[in-house]
Amino acid sequence: MSAQTPPPGFVTADLGQAVGGYYDRTADLYAQLWGDDIHLGFWDEGERPGAGGADRHAATERLIRELVEFAGIAPGSRVLDVGCGHGGPALYLAGRLGCAVDGITLSAEQVSRATARAAQTGLSARTAFRVADVLGGGLAEGAYDVVWAMESLMHIADRPAFFATALRALRPGGVLALNTWAVREGALDAAETDLVRRILHSQVLPSLDSIEAHQRMAEAAGFTLVRTADWSTQTAGSWDPEFALLEQPEGGREYMMELARERGADVLRFFAAVPLMRKGFATGVITCGALAAVKPAPGAGGEVA
Ligand SMILES: C[S@@+](CC[C@H](N)C(=O)[O-])C[C@H]1O[C@@H](n2cnc3c(N)ncnc32)[C@H](O)[C@@H]1O
């Protein structure tokens, strides 16, 4: 197990309600500034984001393509998308790969947006979106070829339970594909601990684990062929001022104050994260990891749920 003691994260009696509420209140802001993809961009090493975030969509779509490739997602797969957001990844999987995608999220606002986008893009027949907590029970067992979780696992407190749930939802031989924000392996010093604590609070995150800890959890749950990749360098441009427009919304401070009055002060979390994340990536304490794993098939020597 990791030697690190995680700093206390966003603690509440109902984390799911807090996460869902956060995404409900910020859905239009994310949509305006980032579009349908609410996740990091991906660039080749040495590349930076284009001026004014001109390559925003290309970079966020690239992350989806990278995970598809890394995990080996087959065209036509039945996919459970855990934390589907506004549906960007689900619509990519349905539209480009012909997958049938069930998307779940904690935010009703996100479900409305994803459902509307599916209709606009002619993908309603291959996608379905609903409000559900992945750990809330009620997922069909053994029904999916792929469990996909793009930047949602960091919001989930009980990560071993997530891996156990994903294993149950997959058919034998099915694939788990995820990427997540993470923290570097090993003990953190006081300044790093403080930075991580502020990030956890700004983004409604209960904790962050290292990429290595995710690998150990997937293996402990019973997954086989578990592989991880550190994508920190390739995704770090997401926090460049050119890309992360969240720091400088049109209307500036006054606009932010108005938002806070309208929706409650916690909407400001949305803007607070950017400089913190930039520092986290620059100092190497915050990382971005990808993980791919397979549910063992019967007779393959692994346990099958
Ligand atoms: C950063 S957004 C990522 C959205 C989407 N995957 C994308 O890449 O555009 C995080 C998502 O995780 C979802 N989420 C967090 N915890 C969840 C849980 N326990 N069950 C289901 N969804 C969850 C949120 O509702 C939100 O849709």
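See the structure printed just above.
The following paragraphs examine the structure supplied in this document. What you see is a predicted model; the values in this text were computed from it and never measured. (Residues numbered from 1 in each chain as written. Predicted model: local features only at pLDDT ≥ 70, side-chain atom pairs only at ≥ 80, totals over all residues. Heavy atoms only, no water.)

Thoughts on the pairing of strand S4 (residues 144–150)
Part 1 of the argument: Most of S4 sits out of view: 7 of its 7 residues are buried.
Part 2 of the argument: Where S4 lies against strand S5 (residues 170–183), 6 bridges are found, and the strand directions are parallel. Bridging from a neighbouring strand, Trp148 pairs with Ala177 of S5.
Part 3 of the argument: Once the chain exits S4 it traverses helix H5 (residues 159–169) before rejoining the sheet at S5, and the crossover so formed is right-handed. (Buried < 20%, exposed > 50% of the residue type's maximum accessible area, 1.4 Å probe, protein only. Helix = DSSP H or I, 4+ residues; strand = E, 2+ residues; numbered from the N terminus. Pairing = 2+ DSSP bridges. Right-handed = clockwise from strand over helix to strand, strands pointing away.)

Digging into the site of the ligand
Part 1 of the argument: For the ligand, the set of nearby residues contains 20 residues, the closest of which are Ile38, His39, Gly83, Thr105 and Gln110.
Part 2 of the argument: Taking His39, its side chain carries an N or O atom lying 2.7 Å from an oxygen atom of the ligand.
Part 3 of the argument: Between Val134 and the ligand, the recorded distance is 3.0 Å, taken from a backbone N or O atom to a nitrogen atom.
Part 4 of the argument: Protein contacts shield 97% of the accessible area of the ligand, which totals 600 Å² for the unbound molecule.
Part 5 of the argument: Mapping the ligand onto the cavity grids shows that it belongs to the largest pocket.
Part 6 of the argument: For the shell around the ligand, a count of residues per class yields 10 nonpolar, 7 polar and 3 charged. (Near = heavy atom within 4 Å. Polar contact = N/O pair within 3.5 Å; in protein donor to acceptor, adjacent residues only side chain to side chain. Areas by Shrake-Rupley, 256 points an atom, 1.4 Å probe, with all protein chains shown as cover. 1 Å grid on protein atoms, 1.4 Å probe; cavity = no way out; pocket = protein on both sides within 12 Å on 5 of 7 lines; lining within 4 Å. Sits in = over half its atoms within 2 Å of the grid points. Nonpolar A, V, L, I, M, F, W, Y, C, P; charged D, E, K, R; others polar.)

Some points on helix H3 (residues 88–97)
Part 1 of the argument: Most of H3 is tucked away, with 8 of its 10 residues classed as buried.
Part 2 of the argument: Among the residues of H3, those classed as buried are Gly88, Pro89, Ala90, Leu91, Tyr92, Leu93, Ala94 and Leu97.
Part 3 of the argument: Close packing links the buried residues of H3 with helix H2 (56–71), strand S1 (78–82), strand S2 (100–105), helix H4 (108–120), strand S3 (127–131) and S4. (Contact = heavy atoms within 4.5 Å.)

Let's talk about the sheet that holds S2
Part 1 of the argument: If you walk across this open sheet you meet the 7 strands as S3-S2-S1-S4-S5-S7-S6, and the pairing is mixed. If you trace the sheet from one side to the other, it starts and ends with S3 and strand S6 (224–230), each paired once. With direction set aside, neighbouring strand axes in the sheet form an average angle of 15 degrees.
Part 2 of the argument: Bridge count between S1 and S2: 5 bridges; the pairing is parallel. Residue pairing across strands places Asp81 opposite Gly103, the latter belonging to S2.
Part 3 of the argument: Of the strands in this sheet, S2 and S3 touch H4, which is tilted by about 165 degrees from S3. (Axes fitted to C-alpha atoms, helices over the stretch in contact; angles between N-to-C directions.)

Focus on the nonpolar core
Part 1 of the argument: Counting residues in hydrophobic clusters, the biggest one holds 54 residues, and the most contacted among them are Ile73, Leu93, Trp148 and Trp231.
Part 2 of the argument: Apart from the residues within four sequence positions on either side, Trp148 is in contact with Ile64, Leu67, Val68, Ile73, Val79, Leu80, Asp81, Val82, Pro89, Leu93 and Ala177.
Part 3 of the argument: Counting 26 residues, the second-largest nonpolar core is a separate cluster that includes Val134, Phe162, Phe163 and Val226. (Core = buried A, V, L, I, M, F, W, Y, C linked by side-chain atoms within 4.5 Å.)

Structural notes on the side chain of Asn179
Part 1 of the argument: Here Asn179 lies in strand S5.
Part 2 of the argument: Residue Asn179 is classed as buried on the basis of its relative accessible area, which comes to 0%.
Part 3 of the argument: The contact partners of Asn179, leaving out residues within four places of it in the chain, are Leu63, Leu67, Ala149, Met150, Glu151, Ser152, Trp231, Cys288, Gly289 and Ala290.

What about the layout of surface pockets?
By rolling a water-sized probe across the atoms, one finds the places where empty space is left.
Part 1 of the argument: In this structure, the largest pocket encloses a volume near 640 Å³.
Part 2 of the argument: Considering the residues around the largest pocket, the lining is formed by 43 residues, among which Val19, Tyr23, Glu151, Ser152 and His155 are closest to the centre.
Part 3 of the argument: Residue assignment for the lining of the largest pocket shows that the elements contributing at least two residues are helix H1 (15–34), H3, S2 and helix H10 (269–283).
Part 4 of the argument: With 7 residues, H1 is the largest single contributor of residues to the lining of the largest pocket.
Part 5 of the argument: When the residues that make up the lining of the largest pocket are grouped by side-chain class, the tally is 25 nonpolar, 13 polar and 5 charged.
Part 6 of the argument: Forming the walls of the second largest pocket are 13 residues, and the residues nearest its centre are Asp36, His57, Gly88, Leu91 and Tyr92.
Part 7 of the argument: With 4 residues, H3 is the largest single contributor of residues to the lining of the second largest pocket.
Part 8 of the argument: Residues belonging to the lining of the second largest pocket are distributed by class as follows: 4 nonpolar, 4 polar and 5 charged. (Points joined across faces, edges and corners; volume = space filled by probe spheres on them.)

Some words on unusual backbone geometry
Part 1 of the argument: Phi is positive for Val204, close to 55 degrees, though the residue is something other than glycine.
Part 2 of the argument: Topologically, Val204 is positioned in the loop between helix H6 (190–202) and helix H7 (211–221).
Part 3 of the argument: Phi is positive for Leu225, which is not a glycine, with a value near 50 degrees.
Part 4 of the argument: Along the polypeptide, Leu225 turns up in strand S6.

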